[in-house]
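Descriptive structure summary
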Amino acid sequence: MSKVKLPVPIPVQQYARCVDASRRPADHVGDWPKAGCVYPVQIRRNAQTGQPQIHVLGFYAERPYGAFAAYRFETVANVWLN
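The written sequence of each chain sets the order in which its residues are numbered from 1. The predicted nature of this model means local features are confined to residues of pLDDT at least 70 and side-chain atom pairs, given and counted, to a pLDDT of 80 or more, with totals for whole chains, interfaces and linings taken over all residues. Only hydrogens and water are removed before side-chain values are computed, so all heavy atoms of the structure are retained for them.

Any two strands with at least two DSSP-identified bridges between them are counted as paired. Strands are runs of DSSP state E lasting at least two residues, helices are runs of H or I lasting at least four, and both sets are numbered from the N terminus onward. Spatially, β6-β4-β3-β1-β7 is the arrangement adopted by the five strands of the open sheet, whose pairing is antiparallel. The open sheet is flanked by β6 (68-69) and β7 (73-80), the only strands paired with a single partner. Bridge analysis of strand β1 (residues 12-18) against β7 gives seven bridges, and the strand direction is antiparallel. The partner of Gln13 across the bridge, within β7, is Val79.

If you want it as structure tokens, here you go:
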């Protein structure tokens with residue numbers, strides 16, 4: 001039996017406001033946030049660097065990977081789910 005614990009997401013829906021929508025990469029294919037808009041998000045750590053990244057729920061991103069740097073958003077609410 002393995003003692004490895006699988007990551008379990010916390011039962012919270014997070015919302016964040018985009019504060020920096022500048023410098024969209026030229027090769028980005030997919031949705032891009034608009035400054036001042038609030039989005040439902042998940043905050044996850046990058047597997048390689050360990051840095052937190054923002055995943056906007058419902059956004060489509062083909063390339064590069066559909067995560068945004070944490071400095072582009074500020075958390076506005078955490079809603080606990082039952």
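The definition of a nonpolar core used throughout is a set of buried Ala, Val, Leu, Ile, Met, Phe, Trp, Tyr and Cys residues joined through side-chain atoms within 4.5 Å. Using a 1.4 Å probe on the protein chains alone, a residue whose accessible area is under 20% of its type maximum counts as buried, one over 50% counts as exposed, and one in between counts as partly exposed. If you look at the biggest cluster of nonpolar residues, it comprises nine residues: Ala16, Cys18, Trp32, Tyr39, Val41, Ile54, Val56, Phe68 and Phe73. Of all the elements in the fold, those that place two or more residues in this core are β1, β3 (38-45) and β4 (52-56). Other than its neighbours up to four places away in sequence, Phe68 contacts Asp31, Trp32, Pro33, Gln53, Ile54, Val56, Phe59 and Phe73. In what follows, a contact means two residues having at least one pair of non-hydrogen atoms within 4.5 Å.

Attention now goes to the side chain of Gln14. Following the sequence through the fold, Gln14 ends up in strand β1. By the criterion applied in these results, polar contacts are pairs of N or O atoms within 3.5 Å in which, for protein atoms, one can donate a hydrogen and the other can accept it, and in which residues neighboring in sequence qualify only through two side-chain atoms. Engagement of the side chain of Gln14 in a polar contact is seen with the backbone nitrogen of Ile43, the distance being 3.3 Å. Apart from the residues within four sequence positions on either side, Gln14 is in contact with Tyr39, Pro40, Val41, Gln42, Ile43, Ala77 and Asn78.

A separate point is the pairing of β4. Taken across its five residues, β4 has four buried, putting it largely inside the fold. With five bridges joining them, β3 and β4 adopt antiparallel strand pairing. Across the sheet, residue Arg44 finds its bridge partner in β4, namely Gln53. The pairing of β4 with β6 spans two bridges and is classified as antiparallel.

This next bit is on the environment of Gln42. Inspection of the secondary structure puts Gln42 in strand β3. Taking relative accessible area as the criterion, Gln42 reaches 30% and is therefore assigned partly exposed. Between the C-alpha atoms of Gln42 and Val12, which are 30 residues apart in sequence, the distance is 9.1 Å. Residues contacting Gln42, with those up to four places away along its chain left out, are Gln14, Gln53, Ile54, His55 and Leu57. Polar side-chain contacts of Gln42 include one of 2.5 Å to the side chain of Arg44.

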